[in-house]
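Architecture at a glance
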Amino acid sequence: MPIEVKPRIVVLYGSQKGQAQSIAEGIAEEAEGHGLLAELSCLDQKDKYNLEKEKSPVVFIVSTTGDGEPPDNALQFVKQIKKKAHTSDHYKHLHYALLALGDTNYENFCNCGKTIERRLQELGAQKFYATGYADDGTGLEVVVDPWLEGLWKAVKAALTKMASDRSFKEDSGQTISDSSIPDVQLNLLSLTNHQPPDLDPKFASTGSHVSSPFVEGVILTTPPAEIQNADPGISNAPSLSQSVPPLSDLSLNVPSLPPPFLDVSLQEGDTVDELFGPLNSETLNEVPVSRAVCLTTGESVKTAILIELDVTAYPMLTYQPGDSFDVFCPNRGSEVNQLLRRLGLEDQKNHHVQVSLLENTKKKGAQVPSFIPQNISLLYLLTWCLEIRSVPKKAFLRALAEHTADSGQRRRLQELCSKQGSADYNRFVRESSVSILELLDAFPSCSPPFSIFIEHLPKLQPRPYSAASSRLQHPGKLNFVFSVVEFPPCSGRPVGRRGLCTGWLFDLVAPLLVHPGKAESQCHVAAPRIHVSLRPNCSFRHPPDTSVPLVMVGPGTGVAPFIGFLQQREKERQRNPDAVFGETWLFFGCRYRDRDYLFREALEGFVSSGTLDHLKVCFSRDNRREEEDVVSGGPPRYVQHNLLLYSHKIINILLKHSGCLYVCGDAKNMAKDVNDTLMEMIKSELQADQLEAMKRLAGLREEKRYLKDIWG
Ligand code: FAD
């Protein structure tokens, strides 16, 4: 007698910012509609899945972060799967599909997904569906949506094949080791007969309708009358809140409504708003700011500020140059108050927030977010726990549409989360970094319950900064430098704003800020304090052997760790005058020589003292020409142009003299351009082809002689 049980699939995700997780959750939720039972786990929940024995189809959704690294919650899994000890049939029993998320603006596109895929293949796993590589640079949905559309058909085919393989084995007398595999045959029959709900014929005719992720969604065939009869005098340009034909005339496929899963209540009573809870108290330090210096001047540059922290009394903050540390910043008070007002919860801001799982929720794997502490007030929750500036995802827009009274506004929210409105979502929401507050302003009739904010807003993350000092040179001090992020006005944001943490730091240190050319006066304001915790970096460190030659590439604030390296080196040279010190090169770049050449005096001082042998600086917006122009025929604008000018020497240092190359700063453009340039340099210096150059660069990485600390 076959067991009456639905066929199961396993959905595993590795996610840094929640995108891969929400796609995985979406798959798990939809599985039921396809007659399947989905088991959803994060890759770091090792007790919840067992790939060594898994006989059901496994779907991986993994993102990539930083310099092509796995997300934090996939690190251990990747380490484990890369183990050389595994044999080539280790995962022979495994049937998988994989969706990799990445961004082609960064180096090593989808590296984590590619690594997992390569290892699964090497270890004998069988792919039942073509791997998707989605690019956040052009819009994830371009790949994600069709990949999801085809997934269910592929899962069904895989289940059928696996079931027939199994019965073949049974018929031929082969034993099946895992007796827990349910008999899926009967259920498969019903699964194959599972009819998707009716679809708009327009989409059905494309043939892409089967198992669409949108099948559960509302299909609107006619836009509301207000839109149809729009005043012809109104501007025809689309904006965050306004759509124009053809989108406004289209039938829409919207994603299924995310099932609510939290029960949130506000109650009068005592709250314990202990900053970040007891868990963090061991690593978190509230340290005073002892100095703040503006390092830039004039127009058209990003304001850069150096902050000196007094860490004398904080042994937990014993750092090495190259380390970075987290700064915990609150959401802006004015925005928290605005949100409270908008939700009509101003009077309850000191109420105690109680969050529990909604009984009978349909959300798979629903959990109360782990970053919501017990016994906190609403004010604290909005100030320290939720990233209220985060760009709302489509699922959030879908949920908001459900609470929007005005039909025109509701239709626009539906458009923005629909398949047809993807370009508008990218333009007016994602690329403009619109926050939930800005969105609510643009849609005044939207009145959502508070619970959906906790369901959809991610954790407020601390921001990391690189140490820009050495304790040898500055005992008891920890310096860092940041550039103030500016978000310009756009549709949905009438007034520009600053980045959350950099804007907050900027305001915090304003009373003690020293400007270029102005003498430092005795400051009488009380030192502001900030919460920080160390993130030791075991690889981006100065080599222990001082004779190793160094090439450092750090434009803009990317120069920060190298100031620490050079300070340390200077001290070590003073202490050990007879020691051997390898050659040092620093490539720095900024816009203008006299506006944003950060640490100019200090860098020139390192050159005078012999600590830095070669300082190569370029200015992207200055007209002045450098000595090198004569050789190159044009001024080097960016660090990679300067690297090219010294190609022969740099490649010699790296490949013949076992030198180390460090790159720090912008991950989006600079690190990728530098990497491409290094490839070109190796190719021309060694007369090598692309493959050989790639291998050389990979070799440097493996030997930890090509190190990066990059962000974007
Ligand atoms: P947020 O409010 O978080 O906004 C920044 C986000 O908005 C980014 O995703 C960016 O892509 C996007 N964005 C920026 N400008 C715009 C715009 N005009 N329109 C739309 N979107 C935009 N930063 C430093 O300055 N110095 C350092 O030494 C440093 N070290 C770091 C070390 C590490 C290991 C890492 C991971 C990051 C480091 N950063 C450093 C970056 C830093 O952590 C913050 O990300 C940065 O300061 C911005 O924080 P914010 O809260 O002000 O900006």
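Residues numbered from 1 in each chain as written. Predicted model: local features only at pLDDT ≥ 70, side-chain atom pairs only at ≥ 80, totals over all residues. Heavy atoms only, no water.

**Let's talk about the overall build of the chain**
Within the chain one finds 22 helices and 24 strands. Buried positions account for 51% of the 712 residues belonging to the chain. Sequence separation of at least 24 residues holds for 79% of the intrachain contacts in the chain that already meet a minimum separation of 6. (Helix = DSSP H or I, 4+ residues; strand = E, 2+ residues; numbered from the N terminus. Buried < 20%, exposed > 50% of the residue type's maximum accessible area, 1.4 Å probe, protein only. Contact = heavy atoms within 4.5 Å.)

**Brief notes about the environment of L358**
Inspection of the secondary structure assignment puts L358 in the loop between β13 (352-357) and α9 (378-385). Considered as a pair, L358 and D263 are 95 residues apart in the sequence and their alpha carbons are 5.0 Å apart. Those residues in contact with L358 that lie beyond four places of it in its chain are P260, F261, L262 and D263.

**Considerations on the site of the ligand**
As a matter of local geometry, the ligand sits amid 21 residues, with P464, Y465, E486, C501 and T502 nearest to it. P464 is positioned with one of its backbone polar atoms (N or O) 2.6 Å from an oxygen atom of the ligand. Between an oxygen atom of the ligand and a main-chain N or O atom of L500, the distance comes to 2.8 Å. For the ligand, whose accessible area on its own is 990 Å², the fraction buried by protein is 74%. Every element with two or more residues in the shell around the ligand is listed here: β14 (463-466), β15 (477-483), β16 (486-487), α15 (500-509) and β24 (706-711). For the shell around the ligand, the class distribution of residues is ten nonpolar, seven polar and four charged. (Near = heavy atom within 4 Å. Polar contact = N/O pair within 3.5 Å; in protein donor to acceptor, adjacent residues only side chain to side chain. Areas by Shrake-Rupley, 256 points an atom, 1.4 Å probe, with all protein chains shown as cover. Nonpolar A, V, L, I, M, F, W, Y, C, P; charged D, E, K, R; others polar.)

**Focus on the pairing of strand β3 (residues 58-63)**
Buried residues dominate β3, accounting for six of its six residues. With burial as the criterion, each face of β3 is covered, one bearing V58, F60 and V62 and the other bearing V59, I61 and S63. Viewed along the sheet, the connection from β3 through helix α2 (residues 75-81) into strand β4 (residues 95-102) turns out right-handed. (Right-handed = clockwise from strand over helix to strand, strands pointing away.)

**Describing helix α8 (residues 333-342)**
Those residues of α8 that sit buried are E335, V336, L339 and L340. In an axial view of α8, the angular spread of the buried residues amounts to 140 degrees, which keeps them on one side of the axis. Looking at the packing, one finds that the buried side of α8 touches α9, α13 (436-442) and α14 (451-456). Within two residues after α8, G344 carries a phi angle of roughly 65 degrees, on the positive side. (Arc of directions from axis to C-beta.)

**Considering the sheet that holds β24**
Backbone hydrogen bonds hold the strands of a sheet together, and the pairing may be parallel or antiparallel. Read from one edge to the other, the open sheet built from five strands follows the order β22-β21-β20-β23-β24, with strand pairing classed as parallel. Taken across any chain shown, the strands that pair with only one partner, and hence form the sheet edges, are β22 (614-619) and β24. Here the average twist between neighbouring strands, direction ignored, is 10 degrees. Pairing of strand β21 (residues 584-590) with β22, which is carried by six bridges, proceeds in the parallel orientation. Across the sheet, F587 pairs through a bridge with K616, a residue of β22. (Pairing = 2+ DSSP bridges. Axes fitted to C-alpha atoms, helices over the stretch in contact; angles between N-to-C directions.)

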